[in-house]
Amino acid sequence: MDLMEYQGKGYLARWGIVMQPGALASTVEESLIVAEDLDWPVVVKAQVPVGGRGKAGGVKLAGDPDELIRHVTAILGMTIGGHLVRRVWVEVASEVAVEYYVGITLDRTAKDHLVMVSASGGVDIEQSDPAAIARLHVDPLDGLSMEAAASLVAEAGLATDAQHGTAEVLVRLYRCYVEGDAELVEVNPLALTVGGQMRCLDAKVTLDDNAAFRHPEWDELRASVELDPRERLARDRGLNYIGLDGTVGIIANGAGLAMATLDVVDAAGGAAANFLDIGGGANAAVMAAALEVINADPKVASILVNIFGGITRCDEVANGIAQALGNVAARAPIVLRLDGTNAEEGRAILASRAPAGGSRLVVRDTMLDAARTAVELAARR
Ligand code: GDP
Ligand code: MN
């Protein structure tokens, strides 16, 4: 789950990282009330779950109420990265001398946590030289010591005045990342102010959804996070779904098979519209829910159902699919690959039920054939 800036700042603050005072506002009037309790100048910031807000005009400084009214009026209702701005965060502005970058994420290849520091942060970080980022791999069993953080910061070439403060932020950030079950914590920019203080001007926090069971407090965060509408529906239906950008809708039983299906679609020259794992028991209710979620994606031009019968037998699965097709009309042609335990019986059931799915249901024997057909059908639309 990607937190918005204001939520990310609140999350980091739980580990003692000091933030500027601020509050949310969803109207111009609210922003004026919020600003009454703050010191001028303030900074007004669009709250959307994507970066690049500064470049899009969604971050502005206001020195007085008139300027605040002007900026809030302009920012509310903007669309940034496809997200409508419904709320702004208003906080006491910082007088910035230098902007740095700090971030921590999991490096799967190295099987370690990765701490990154750069002396050149801010809105142009993507253009800056990747070699200018100092990196430190941290073994989860060792953790990040103040000494290690300090030498990383020195290696990155931060101003002497900023080094101790940045190392302190890093150690807290690391604790937040581990104890707070984040996949990514990033502060860009971490600013050194003219007065010599370190300030987190922005915060990006991605929480590891697999750890949600031990964080009941995340429910509150989730309630205000803007989910992809397809993902919201999938969550309501209890499905393991991730929205992607392609045109071939995918339904598979088992996460490994679903991943492999994405690869095969890719190998066949197409692109998957989603990842969807319906788990072991592909009964009619689950299949119907899966079709409903796939139908909610207007980009889907064909649907590839890839089922491998193991403990769940293909004849049961076939009955489920036939029943689901009777209940939910798919918005695109379906290509089905059914293999494993009782595959013959399963295919026979679907062949006899074919009129239910009409000519829009095609059965293929192999995964590659099925993917090729699905990609062809999608291209024809
Ligand atoms: P992003 O563009 O979505 O990453 O949004 P940021 O929160 O990083 O804001 C964009 C830029 O606005 C930052 O890189 C800073 O340069 C600037 N900015 C944000 N807050 C302040 C502030 O309090 N004072 C000053 N002077 N600049 C700020
Ligand atoms: Mn930023």
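Residues numbered from 1 in each chain as written. Chains lettered and ligands numbered in written order. Predicted model: local features only at pLDDT ≥ 70, side-chain atom pairs only at ≥ 80, totals over all residues. Heavy atoms only, no water.

1. Description of the coordination of the manganese ion (ligand 2)
Coordination of the manganese ion (ligand 2) by the protein involves Asn 188 (O) and Asp 202 (OD), with metal-donor separations of 2.2 Å. On the criterion of sequence distance, the pair formed by Asn 188 in strand E10 (residues 182–193) and Asp 202 in the loop between strand E11 (198–200) and strand E12 (204–207) is long-range, its members being 14 residues apart. Taking the relative accessible area as the measure of exposure, Asn 188 reaches 14% and is therefore buried. (Donors = N, O, S within 2.8 Å, 3.2 Å for Na, K, Ca; no water. Helix = DSSP H or I, 4+ residues; strand = E, 2+ residues; numbered from the N terminus. Buried < 20%, exposed > 50% of the residue type's maximum accessible area, 1.4 Å probe, protein only.)

2. Looking at the sheet that holds strand E3 (residues 59–62)
Spatially, four strands are ordered E1-E6-E2-E3 in an open sheet, and the strand pairing comes out antiparallel. The open sheet has two edge strands with one neighbour each: strand E1 (22–25) and E3. Here the average twist between neighbouring strands, direction ignored, is 20°. Note that E1 and strand E6 (residues 88–92) share four bridges and pair antiparallel. By the bridge assignment for E6, Ala 25 is matched with Val 88. Against the sheet, helix H1 (residues 5–13) makes contact with E1, strand E2 (42–46) and E6, and its axis sits at roughly 50° relative to E6, the strand it touches most. On top of the sheet, helix H3 (residues 65–75) reaches E2, E3 and E6; it is set at about 165° to E3, its chief contact. (Pairing = 2+ DSSP bridges. Axes fitted to C-alpha atoms, helices over the stretch in contact; angles between N-to-C directions. Contact = heavy atoms within 4.5 Å.)

3. Description of the nonpolar core
Counting residues in hydrophobic clusters, the biggest one holds 42 residues, and the most contacted among them are Tyr 11, Leu 12, Leu 170, Leu 173, Val 185 and Leu 207. A total of eight residues in this core trace back to one element, the largest contributor, which is helix H5 (residues 160–179). Apart from the residues within four sequence positions on either side, Leu 173 is in contact with Leu 12, Ile 17, Val 102, Ile 104, Val 185 and Val 187. (Core = buried A, V, L, I, M, F, W, Y, C linked by side-chain atoms within 4.5 Å.)

4. Considering the packing of aromatic side chains
Considering all chains together, one arrives at three aromatic pairs under this definition. A ring pair is formed by Tyr 6 and Trp 89, whose centres lie 6.4 Å apart and whose planes are at 25°; its orientation type is stacked. With a gap of 83 residues between them, Tyr 6 in helix H1 and Trp 89 in strand E6 connect regions that are remote in the sequence. We classify Trp 89 as buried; its relative accessible area is 12%. Look at Tyr 174 and Tyr 177: their rings are 6.3 Å apart centre to centre, the planes differ by 40°, and that puts the pair in the tilted class. Linking Tyr 174 with Tyr 177, this pair stays in helix H5, spanning three residues, or about one helical turn. Both residues of the pair, Tyr 174 and Tyr 177, belong to the buried class. (Phe/Tyr/Trp six-rings, centres within 6.5 Å; stacked < 30°, edge-to-face > 60°.)

Interpretation note: all reported values are geometric properties and have no functional meaning in isolation.
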